[in-house]
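Take a look at the letters that make up each chain.
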Amino acid sequence: MSVIKYLLLILIGLGGGLAVGSGLVAFITVLDIIPRLTQLTNAHRYIRSLEWALVAGALFFTFIDFFHWGAHLPIIVSSIYGIFAGIFVGTLAAGLTEVLNVFPILAKRVHMDGSLLFLLMAVVLGKVTGSLLQWLLHL
């Protein structure tokens, strides 16, 4: 590969990273995800810790992905990590849906006003099924 191709590849990678990173920061900032999450979990005194945990986690897992680091841990340790990661993603998603009132709007659009529980269970079961398929079948 020539030097120009490498420079172009670096420019595209940095541009894509800046675009995605800016979108994530705008998403979290504009929608007040962290303050809403602390309100839902009644953890107002930990708001700074949650913000720093989000930043540290993003940086740490970026380095893991970038440098292809791996950890060969026992299945029980991986399972415990998976549970905590799932709890984090679930509470973050709960904070987001609280901010946007997604499910009541969706229920009205698909004419399921009286069946909101079925709509929520369909979303939950779909996410669980998709996660299990990805883990078990390595999709």
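Because the structure is predicted, anything quoted here is derived from the model rather than measured. By convention here, each chain's residues receive numbers from 1 onward along its written sequence. It should be noted that, the model being predicted, local features are given only for residues of pLDDT at least 70 and side-chain atom pairs only at 80 or more, the latter also being counted only at that level, while totals for whole chains, interfaces and linings use all residues. Excluding hydrogens and water, the side-chain figures rest on all heavy atoms present in the structure.

Asker: Is there a simple way to think about unusual backbone geometry in this case?
Answerer: The phi torsion of most residues other than glycine is negative, and most of the peptide bonds are trans. The backbone phi angle of Asn42 is positive, close to 55°, even though this residue is not glycine. Every helix listed is a DSSP run of H or I at least four residues long, and every strand listed is a run of E at least two residues long, numbered separately from the N terminus. Locating Asn42 in the fold gives a position in the loop between helix H2 (33-41) and helix H3 (47-67). Phi is positive for His68, close to 60°, though the residue is something other than glycine. Checked against the element boundaries, His68 lands in the loop between H3 and helix H4 (75-100). You can call His68 exposed: its relative accessible area is 69%. A simple rule labels every residue: compare its accessible area, found with a 1.4 Å probe on the protein chains alone, to the largest value its type can have, and call it buried under 20%, exposed over 50%, or partly exposed in between.

Asker: Looking at this structure, I do not really get H3. What am I missing?
Answerer: Since the α-helix packs 3.6 residues into each turn, any two residues three or four apart lie on the same face. Here, expected helix span is obtained from the residue count minus one, scaled by 1.5 Å. Taking 1.5 Å of rise per residue, the 21 residues of H3 would be expected to cover 30 Å, and the 30 Å separating its terminal C-alpha atoms lies within 8% of that figure. Immediately beyond the C-terminal end of H3, within one or two residues, lies His68, with a positive phi of roughly 60°.

Asker: It is not clear to me how the pattern of salt bridges should be interpreted in this structure. Could you clarify?
Answerer: Two side chains of opposite charge can pair, provided their charged atoms sit close to one another. Each reported salt bridge corresponds to a side-chain nitrogen of Lys or Arg within 4 Å of a carboxyl oxygen of Asp or Glu. Counted under the stated rule, the structure contains one salt bridge. The partner of Glu51 in a salt bridge is Arg48, with the nearest N and O atoms 2.8 Å apart. In this pair, Glu51 and Arg48 both sit in helix H3, three residues apart, roughly one turn of the helix. Judged by its relative accessible area of 55%, Arg48 is exposed.

Asker: I keep staring at the side chain of Thr38 and nothing clicks. Help me out?
Answerer: Counting through the fold element by element, Thr38 comes out in helix H2. For Thr38, the contacting residues outside a window of four places in its chain are Ala43, His44, Ile47 and Leu50. Two residues form a contact once any of their heavy atoms are found within 4.5 Å.

Asker: For this particular structure, what's the right way to read the packing of aromatic side chains?
Answerer: For any pair of aromatic rings, geometry is given as the distance between the ring centres together with the angle between the planes. Think of it this way: a Phe, Tyr or Trp ring, Trp meaning its six-membered ring, pairs with another when their centres are within 6.5 Å, and the plane angle makes it stacked under 30 degrees, edge-to-face over 60, tilted otherwise. Applying the stated criterion across every chain yields a total of five aromatic pairs. Ring geometry for Phe61 and Tyr81: centres 6.3 Å apart, planes at 40°, overall tilted. Taken together, the residues span a long stretch of sequence, with Phe61 in helix H3 and Tyr81 in helix H4 at a distance of 20 residues. The class for Phe61 is partly exposed, based on a relative accessible area of 41%. A connected cluster of aromatic rings, assembled from ring pairs, spans Phe63, Phe66, Phe67 and Trp69.

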